[in-house]
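Tertiary structure, described
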Amino acid sequence: MTATTATTATTATTPLNAPLPPAARRARRRSAALGLLAWVVGIAFCLPVLWMVLTSLHSEADAATNPPSLAASLTLDGYREFFGATGGASPWPSLINSVSASVFSTLLVLLLALPAAYALSIRPVRKWTDVLFFFLSTKMLPVVAGLLPVYLFAKNTGLLDNIWLLVILYTSMNLPIAVWMMQSFLADVPVSIIEAAQMDGARLPTVLARVVAPVAGPGIAATALICFIFSWNEMLFARVLTGVTAQTAPVFLTGFVTSQGLFLAQLCAASVVISLPVLAAGFAAQDKLVQGLSLGAVK
């Protein structure tokens, strides 16, 4: 009782505005400096995007000035030109082709990568690390090195300017990285719940769909988003293997760089529109993306 009274008296006599210890002050200054640095880096990364949006709202004359004028009047002419309001080519077929190729290839990647990752993590095969290295080694080949064989194959099989050829190519390009990512995600799935489902008579497709997929949902969502972004942004194969029918949005974007000059405002407007699906998908799945990319980081 006496010790408690003494402690209370000491606390009561300690001033609330007492100076912090030197170590605490250094830690606070370090935290403030890191926070300020994070804001500076974040703003630096956002500046090009904000500049692109601002340029897309200028006229071609104002966008071409050097240095650009920040106080120039704003207009939506660049977006009208992009959507063909003045008689230009419509971007909708290219946008639909990009959506189709990206969505279908991502779904195929998930359907193929989930069983493969399950076999390499929950039911590991012999020398599974060598298998993972083989998957990853397929990404070491420069894309341009395989361009000519793929072009000759597409030409001889009549698949040039065909959207399904891009679906197959994007699937094969994204499958190794998807298996690599999902293997680490599925390794954190408790084996006990899988064994319990199997004891209840669940077969492998049921285990994958109703047990593994819900538990590893954040990791699967992160993998799907990354595969979608890779497919959406791919331009080399789409540029060489497509013409008019299967032209994708990145290829359509290059049409604004012509021999008559660079239509900067229209190019920025087109870049903003084409970037919106990826930004929307990332914003919608940001919580799953963070959970998936950090899954297994803390044990």
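Read on for an overview of the structure. Here the structure is a predicted model, which means the values were calculated and not measured. (Residues numbered from 1 in each chain as written. Predicted model: local features only at pLDDT ≥ 70, side-chain atom pairs only at ≥ 80, totals over all residues. Heavy atoms only, no water.)

1. Observations regarding the packing of aromatic side chains
Overall, the coordinates contain five aromatic pairs when judged by the stated rule. With a centroid separation of 4.9 Å and an interplanar angle of 75°, the aromatic rings of Phe82 and Phe83 are classed as edge-to-face. Residue Phe83 is classed as partly exposed on the basis of its relative accessible area of 33%. A centroid spacing of 5.6 Å and a plane angle of 35° characterise the contact between Phe83 and Trp92, whose relative ring orientation is tilted. Taken together, Phe82, Phe83, Trp92 and Phe252 form an aromatic cluster joined through their ring pairs. (Phe/Tyr/Trp six-rings, centres within 6.5 Å; stacked < 30°, edge-to-face > 60°. Buried < 20%, exposed > 50% of the residue type's maximum accessible area, 1.4 Å probe, protein only.)

2. Notes on the nonpolar core
In terms of nonpolar packing, the biggest core is built from 28 residues, with Leu114, Tyr118, Met182, Leu186, Ile194, Val207 and Val212 touching the most fellow members. At the level of secondary structure, the elements contributing two or more residues to this core comprise helix H5 (92-121), helix H8 (163-186), helix H9 (191-199), helix H10 (204-215) and helix H11 (217-233). In this structure, Val207 is in contact with Tyr118, Ile194, Ala197, Gln198, Ala202 and Val212, ignoring residues within four places of it in sequence. Core analysis: the second largest hydrophobic core is formed by 16 residues, Tyr79, Trp232, Leu267 and Val278 among them. (Core = buried A, V, L, I, M, F, W, Y, C linked by side-chain atoms within 4.5 Å. Helix = DSSP H or I, 4+ residues; strand = E, 2+ residues; numbered from the N terminus. Contact = heavy atoms within 4.5 Å.)

3. Thoughts on a nonpolar patch on the surface
On the surface, Val99, Val103, Phe104, Leu107 and Trp164 cluster together into a nonpolar patch covering about 450 Å² of accessible area. Mapped onto the secondary structure, Val103 falls in helix H5. Of the residues examined, Val103 reaches a relative accessible area of 34% and is grouped as partly exposed. (Patch = residues over 30% accessible without salt bridge, like charges linked within 9 Å, V, L, I, M, F, W, Y side chains within 5 Å. Areas by Shrake-Rupley, 256 points an atom, 1.4 Å probe, with all protein chains shown as cover. Salt bridge = Lys/Arg side-chain N within 4 Å of Asp/Glu carboxyl O.)

4. What to know about H10
In this model, H10 (twelve residues) spans 15 Å end to end at C-alpha, consistent with the 16 Å of a helix rising 1.5 Å per residue. If you check which residues of H10 are buried, you get Val207, Leu208, Val211 and Val212. Down the axis of H10, the buried side of the element spans an arc of 130°, and every buried residue falls inside it. Along H10, exposed side chains directed more than 90 degrees from the buried face belong to Pro205, Ala209, Arg210 and Pro214. Structurally, H10 contributes buried residues whose contacts are with H5, H8 and H9. (Expected span 1.5 Å × (residues − 1). Arc of directions from axis to C-beta.)

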